[in-house]
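# Residue-level structure breakdown
Spelled out from the first residue to the last, the chains are:
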Amino acid sequence: MPNSLLVRVTDERTVEAEATWGQRAIWSCIQFMGEHDPYFNAGRVLPVPQRCGLTDVADALGELLRRHETLRTVFEFADSTLRQTVQGSGELPVVVEPLSTAGHASADAAAWTRMYQLAGLVLPVHEWPVRIAVLTEADRPRFVAVVFSHLAVDHTGAELVMADLAELLAGRRPPLPERQPVDQAAYERSEAGHATSETALRHWARTLRNIPASIFDYRTHDIGSPRFRRTIMYSEAVTAAAAAAAVRLRVTSSAVLLAAQALVLGRYTGHDIVPVQLICANRDAERERLVATVAGDGIVRVDLAEDSFARIVRRTFLAGVGAYRFGYYDPEAAWRMRAAEHLARGAVLGIGVYFNDVRDGVASAVPTDPADERTIRRLAAGTRIEPAGGWDLMDARVFLTVATAGAATRLSMLCDTAYVPTEDVVALLHGIERVVIAAATDDPTAELTSEAIGVPSVVRGPDWVRGPDGWVDLAGTRALWRDLLPDATVGGVFLAEDPAPTGSGLVGYLAGPPDGDLHDLHEAFVAALGERTDVRAPSRYVRCAHGPDDPDDRLAWEKCPVLAEGTGRRADGPTDRLSVDPAVRRAAWVAADDGR
């Protein structure tokens, strides 16, 4: 049996277009991680029917590549634009090798191990975004392992490809795709596509105006290497309890878990409003069977105001429905909108919390006879938690992925240890489990304190104050303010006695030789924030004729003659230094880490 084969495609259409919104969004995430980091690769394993020989597998793979243009697409980034080219002819080398089952419980487990090895390879953007291996036993194909670049497919897209491959291997011909990624790109450039994006971004803008700039507004912790670490909980109790709570509260189990995550993080960080970015499948009727990457970020505002968990869950469910409706949009327009909000806030707009439910058929997990409390608590005794690797760079503070692992729910929590130390991650996961278990049979109210759910609370120092937009390290803010001021200029920063309901609530005073207007000072302050979430720019600036003897004496500043005052915000301020595009921010992260 040969150790490789070439799968050829000829005489299909060759077409070039701008990349789709989904491709551009994931491209920036890939650039953030580094183009040679395989983190975003995704893989699948498919058993080969007994009837198939190697020629049958090769024929099925050829048909698969012909019907799905995304598997023959290469990318080029030039002139600040990502473009895609579908190649109408070409060939893909496919590895053919014996399946090594040594050290594995089953042939299936061995095949998945080999797939993960393939997934660790870099998929260059100028090559077809797929790698395939045919794994054999007794000289016949037993499994096909497929690895995709995330530029080619998202989770649903990969499932659609593998479903087609299964049909082809069975000798059937599934329907041809009605839409390809280049067709989706054309829609996105149309008036209808523009309207879709604008509607989604209006939802984002409304939500951004009503959330804290960041819930991680406290001093960072000492970090080790790797900085970003993943911990996984396997819990059958969560499976049973989330399903039972969903039935009782008439929501989805996903909404129960999302609300529990937000509650635990709110208690941990000391916030009653917790924003969460949802990974949205974006599979409406037109994109339902599109083999491409169309998943995107939605945003939900979880309100934890003193209330019962039942009401929190129902609010979260309704907010989540809206978020999932508005998860598809032009990523560059979204980054510009967020950068403008960043400048207006005078604070790092770092949501940083993600929720991604990748379970298939979540509704099918709802039991017809929900487990009782005794059964759920018995299941909780079997919960296990284990570390699962780490990375030096990641664009998230807390990323929770919900998946299925047999009868258990797999909660994978990736945390930035600068903000969530490793020892706290286990407490957060157990806290989510406790909340969900309590909600299965009761409506917890008094149990919503951090002590009751076993979650520690972040401790802030005596120099911290709480403004309308969150917590601020007043001493740190003053130090940054004075570093920015020209020589012979004194300054002070204070929390206003009666701050406006939005913004930091801070007032920045300065006195000295005129050097730039208040707009310039504000923009310099915001640019100097970098990734810091412990400091905020003032909501109002006051330039005085002279400063007091003690620059930390607020009452003395208020007696100084005022030359000019204002918010420092322009009607249309520059945002070029404030990009939230992950690809642009990578250099800032690396530089910040090097300077620690």
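Reference entry: report on the structure contained in this document. (Residues numbered from 1 in each chain as written. Predicted model: local features only at pLDDT ≥ 70, side-chain atom pairs only at ≥ 80, totals over all residues. Heavy atoms only, no water.)

Spatial ordering of the open sheet is given by β11-β10-β12-β14-β15-β9-β13, a layout of 7 strands whose pairing is mixed. For this open sheet the edge positions go to β11 (296-303) and β13 (384-391), each flanked by a neighbour on one side alone. The sheet shows a mean angle of 25 degrees between the axes of neighbouring strands, direction not considered. Two strands pair when backbone bridges link them, and strand β9 (residues 228-235) and strand β15 (residues 408-416) are joined in this way by 8 bridges, in the antiparallel orientation. For F228, the partnering residue across the bridge sits in β15 and is D416. (Pairing = 2+ DSSP bridges. Helix = DSSP H or I, 4+ residues; strand = E, 2+ residues; numbered from the N terminus. Axes fitted to C-alpha atoms, helices over the stretch in contact; angles between N-to-C directions.)

Right, let's talk about empty space enclosed by the protein for a bit. Where empty space is left can be seen by rolling a probe of water-molecule size over the atoms. Within the structure shown, the criterion is met by 3 cavities of 30 Å³ or more. Looking at the largest cavity, its volume works out to about 140 Å³. The wall of the largest cavity is formed by 14 residues, among which I30, E35, D37, N41 and L123 lie closest to the centre. Among the residues forming the lining of the largest cavity, the class breakdown is 9 nonpolar, 3 polar and 2 charged. (1 Å grid on protein atoms, 1.4 Å probe; cavity = no way out; pocket = protein on both sides within 12 Å on 5 of 7 lines; lining within 4 Å. Points joined across faces, edges and corners; volume = space filled by probe spheres on them. Nonpolar A, V, L, I, M, F, W, Y, C, P; charged D, E, K, R; others polar.)

Moving on to the packing of aromatic side chains. For the structure on display, the rule yields 14 aromatic pairs. Geometrically, the ring pair formed by Y39 and F40 is edge-to-face, given 5.0 Å between the ring centres and 90 degrees between the ring planes. Taking 4.9 Å as the distance between ring centres and 10 degrees as the angle between the ring planes, the aromatic pair formed by Y354 and F399 counts as stacked. With Y354 in strand β12 (residues 353-357) and F399 in strand β14 (residues 398-405), the pair connects residues that are 45 residues apart, well separated along the chain. For Y354, a relative accessible area of 11% corresponds to the buried category. Site record: aromatic cluster; members linked through ring pairs are Y39, F40 and W391. Sitting over the ring of Y187, R179 keeps its end group 5.7 Å from the ring centre. (Phe/Tyr/Trp six-rings, centres within 6.5 Å; stacked < 30°, edge-to-face > 60°. Buried < 20%, exposed > 50% of the residue type's maximum accessible area, 1.4 Å probe, protein only. Lys NZ or Arg CZ within 6 Å of the ring centre and 35° of its normal.)

Bringing the side chain of R478 into the picture now. Within the secondary structure, R478 is located in helix α13 (residues 474-484). Setting aside residues no more than four positions away along its own chain, R478 makes contact with V493, F494 and D552. (Contact = heavy atoms within 4.5 Å.)

Take the sheet that holds strand β5 (residues 81-86) next. Spatial strand order, β2-β5-β4: 3 strands in an open sheet with antiparallel pairing. Two strands bound the open sheet, and with one partner strand each, they are β2 (15-18) and β4 (73-78). Neighbour-to-neighbour, the strand axes of the sheet open up by a mean angle of 25 degrees, direction not taken into account. Both β4 and β5 contribute to a ladder of 6 bridges, which runs antiparallel. Within the sheet, the bridge partner assigned to F75 lies in β5 and is Q84. Helix-sheet contacts for helix α1 (residues 21-33) involve β2, β4 and β5, and the interaxial angle to β5 is about 120 degrees. Along the sheet, helix α5 (residues 181-189) makes contact with β2 and β5, crossing β2 at roughly 40 degrees.

In this model, the second largest pocket occupies a volume close to 440 Å³. P468, D469, P501, T502 and G503 are, among the 22 residues lining the second largest pocket, the residues nearest its centre. Contributing elements (two or more residues each) for the lining of the second largest pocket: α10 (331-345) and β16 (464-467). The greatest single-element share of the lining of the second largest pocket, amounting to 3 residues, is contributed by α10. Split into classes, the residues belonging to the lining of the second largest pocket amount to 6 nonpolar, 8 polar and 8 charged.

Here the structure, examined in full by the defined rule, presents 37 salt bridges. The partner of E523 in a salt bridge is R570, with the nearest N and O atoms 2.5 Å apart. Placement of E523 in helix α14 (residues 518-529) and of R570 in the loop between β21 (562-566) and α16 (582-594) is noted, with a sequence separation of 47 residues between them. On the basis of relative accessible area, E523 is assigned to the buried category, the value being 8%. Assessed through its relative accessible area of 33%, R570 is described here as partly exposed. (Salt bridge = Lys/Arg side-chain N within 4 Å of Asp/Glu carboxyl O.)

With that settled, consider the side chain of T269. Assignment of secondary structure puts T269 in helix α8 (residues 253-269). Using a relative accessible area of 1% as the deciding quantity, one classes T269 as buried. At a separation of 2.9 Å, a polar atom in the side chain of T269 contacts the main-chain carbonyl oxygen of L265. Apart from residues lying up to four places away in sequence, T269 is in contact with I215, F216, Y218, V458 and R460. (Polar contact = N/O pair within 3.5 Å; in protein donor to acceptor, adjacent residues only side chain to side chain.)

Further remarks concern α1. The end-to-end C-alpha distance of α1, which contains 13 residues, comes to 19 Å, matching closely the 18 Å that a straight helix rising 1.5 Å per residue would cover. Of all the 13 residues making up α1, 11 are buried; the element is thus mostly covered by neighbouring parts of the structure. Those residues of α1 not exposed but buried are W21, G22, Q23, R24, I26, W27, S28, I30, Q31, F32 and M33. (Expected span 1.5 Å × (residues − 1).)

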